[in-house]
Structure formats: structure tokens, C-alpha cells
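Summary of structural features
What follows is the residue order along each chain.
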Amino acid sequence: MSESTIALVTGANKGIGYEIATGLGALGWVVGVGARDAERREAAVAKLRAAGADAFGVPLDVTGDASVTAAAALIEERFGRLDVLVNNAAITGGVPQEPTRVDPATVLRVVDTNVVGVIRVTNAMLPLLRRSARPRIVNMSSSVGSLTRQSAVDGSTGPISAAYSPSKTFLNAVTVQYAKELPDIQINLGCPGFTATDLNNFRGVRTPSQGAAIAIRLATDIEGTGGFYEDAGRIPW
Ligand SMILES: NC(=O)c1ccc[n+]([C@@H]2O[C@H](COP(=O)([O-])OP(=O)(O)OC[C@H]3O[C@@H](n4cnc5c(N)ncnc54)[C@H](OP(=O)(O)O)[C@@H]3O)[C@@H](O)[C@H]2O)c1
């Protein structure tokens, strides 16, 4: 069995996920680049490897049971275990997102990717994580999933949204339940801050590398489970 720490990052072909893979690779970890598109995945793996990271591609669509099962089988065959899982893949669902105008199909699609996708991947990887001496799961959430911040009078946390923001609130709630059920696995939520990526047409003000920092800290340093963090510390639910 490999001595190195084995990690899998979902949605690692671009944006924050790619930078999380970069950061974990720089630690000397073996990093699985989970991505659904073969061309984008292999381009990311090649770029990471050229930069010195021990990266490998993992075909992975978080909305597909067969794809997720195959991803777990691939990691099982190559390494026999998984130490760190970063559930990063997500979609916004586009516009409109106001509750009065949103297409219910959009809500279902966003929840399937951002919440059920995390459950699907986590449960498939769980037997492999249980073989780790130090298993950790990092779920990429967003401060827009904080009901406390959504209810703040200054209304500063994101646009009105019936799909993306509530999907992150749902993810937070599910993560708390995992933390209760799995006391031997550290599982936490991170918010990258408003980061310039495809997700927001590059309107974010942080770089993807800055956005990746909280996930890397949760994968490595921060002790405890069932918490919701940004760079500055805990985020209120
Ligand atoms: N950017 C921000 O300001 C911000 C703020 C708060 C939280 N976040 C969170 O941070 C995480 C990363 O976001 P980002 O800004 O880096 O977004 P991004 O650039 O749009 O990247 C999203 C990644 O998820 C992948 N993905 C989407 N659906 C997938 C599926 N069904 N199966 C597998 N992969 C899938 C995408 O793959 P494709 O290339 O194939 O589409 C892409 O690799 C997300 O969880 C997001 O909610 C971002």
C-alpha cells in the first residue's frame, strides 16, 4: 500500500478544484483529479504533472451512480484506500433563480449535483476512507448557504436564489449529519470566498488559489468535525 497520502478532488479540472489539487500535490500527496470530461481532465492532469504533482485522472460525473462506482473501483484498484476526499464539484443552475420564477427542474438539477452528488461520492468512497489512518472529508460549501448571513439586514450575501444558495444550506445540514454518524472521520465545510471562476463568469474578487486555501487547511490542519469555515474562521449556520 502507498505510503503517500491519497486524495481525490471532485471537479478538479478547473477553478478552485484545480487549485486544491495543485496545493495538495505540492504537499507531496497523490491527487486524483475527478472530472467528467475526458479532454479537460487529461489536460488538467498533464498540467499538474508538469508542475511536479503526482496527479492521476479519475473519470467522475457526480450525478451518475455508475460513474461514481467506477471512480471508487479505480482508486481501490490503484491504492486500496483513500485518505482525503474533497467534494468540490458544483453548479449554480444559471438564471432565473428567484423563488417565484425558478424552473423546478433547475432546483432538482442543482440539488442533484451539489447535495446528492456529495452523498453519492462520499458513500462510494467511504469503504476506502475507512481504511485510512487519518480520513478527512472536505465539502466545498458557500457562505451564501448560511441562513444567518442570508437573513442579515444588509443583504450582502449573494443574489436571491432558490437553487444554488439553498443547495449549500442543504449540503451544510447533510454534512452535520455525516459528522454525527462518522465520529472517526473529520468532515468539514469550507467557503472559498467570492472567487473569479467560470461559476460566476469571473466576477469574483479572489484568485482560485486564494479560494483553495480553506480546503487545503481543512484537508491538512484544522482539527475537529462538523464545522463550517472560511479563511477568517467559523461561519455561522
Ligand atoms: N467561485 C466562487 O466564488 C465560489 C464561492 C463560494 C463557493 N464556491 C464553491 O467552490 C466550488 C468550486 O467552484 P468554482 O468556482 O471553482 O466553480 P467552477 O470553476 O465552475 O468549477 C466547478 C467544477 O465542478 C465540476 N462539475 C460540475 N458538475 C459536475 C458533475 N456533475 N460531475 C463532476 N464534476 C462536475 C466542473 O466540471 P466541468 O468543467 O466539466 O463543468 C468544474 O470542474 C463549488 O463547490 C462552488 O459552489 C465557489
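Below is a summary of the structure that appears in this document. All figures in this text were calculated on a predicted structure; none of them were measured in a lab. (Residues numbered from 1 in each chain as written. Predicted model: local features only at pLDDT ≥ 70, side-chain atom pairs only at ≥ 80, totals over all residues. Heavy atoms only, no water.)

Comments concerning the packing of aromatic side chains
The way to describe two aromatic rings as a pair is by their centre distance and the angle between their planes. We count it as follows: Only rings of Phe, Tyr and Trp enter the pairing, Trp through its six-membered ring, and a pair is recorded when the two centres are within 6.5 Å. The plane angle decides the type: under 30 degrees is stacked, over 60 is edge-to-face, the rest tilted. A positively charged side chain is recorded as over a ring if its NZ (Lys) or CZ (Arg) lies within 6 Å of the ring centre. The angle to the ring normal must also be within 35 degrees.
Evaluation of the coordinates by the stated rule reveals two aromatic pairs. Between F228 and W237, the aromatic rings sit 5.5 Å apart at their centres with planes inclined by 20°, giving stacked as the arrangement. One Lys or Arg, R78, reaches over the ring of F56 and ends 4.7 Å from the middle of that ring.

Some details on unusual backbone geometry
Short version of the rule: Where helices and strands are cited, they refer to DSSP runs of H or I of at least four residues and of E of at least two residues respectively, numbered from the N terminus.
Omega for the bond connecting V95 with P96 falls within 30 degrees of zero, at 0°, which places this linkage in the cis form. Tracing the chain through its elements places P96 in the loop between β4 (84-87) and α4 (104-129). Despite not being glycine, N201 shows a phi value in the positive range, around 50°. Even without being a glycine, F202 presents a positive backbone phi close to 60°. Among the structural elements, F202 can be located in the loop between β6 (186-190) and α7 (208-220).

Thoughts on the site of the ligand
To keep things clear, this is the line we draw: Working definition: residue near molecule or strand if any one of its non-hydrogen atoms lies within 4 Å of it. Nitrogen and oxygen atoms within 3.5 Å of one another constitute a polar contact, given that in protein one can donate a hydrogen and the other can accept it, and given that sequence-neighbouring residues count only through two side-chain atoms. Accessibility throughout is a Shrake-Rupley quantity obtained with a 1.4 Å probe, and a residue counts as covered only by protein chains that appear here. Residue polarity follows a fixed list, in which Ala, Val, Leu, Ile, Met, Phe, Trp, Tyr, Cys and Pro are nonpolar, Asp, Glu, Lys and Arg are charged, and the others, Gly among them, are polar.
Taken together, 29 residues sit near the ligand, with N13, N88, Y164, T195 and T197 positioned nearest. Contacts to the ligand include T195, whose backbone N or O atom sits 2.7 Å from an oxygen atom. Within the side chain of N200, one N or O atom sits 3.2 Å away from an oxygen atom of the ligand. Bound to the protein, the ligand loses 95% of the 900 Å² it would expose on its own. Breaking the shell around the ligand down by element, the ones donating at least two residues are α1 (15-26) and α6 (164-181). Grouping the constituent residues of the shell around the ligand by class yields 11 nonpolar, 12 polar and six charged.

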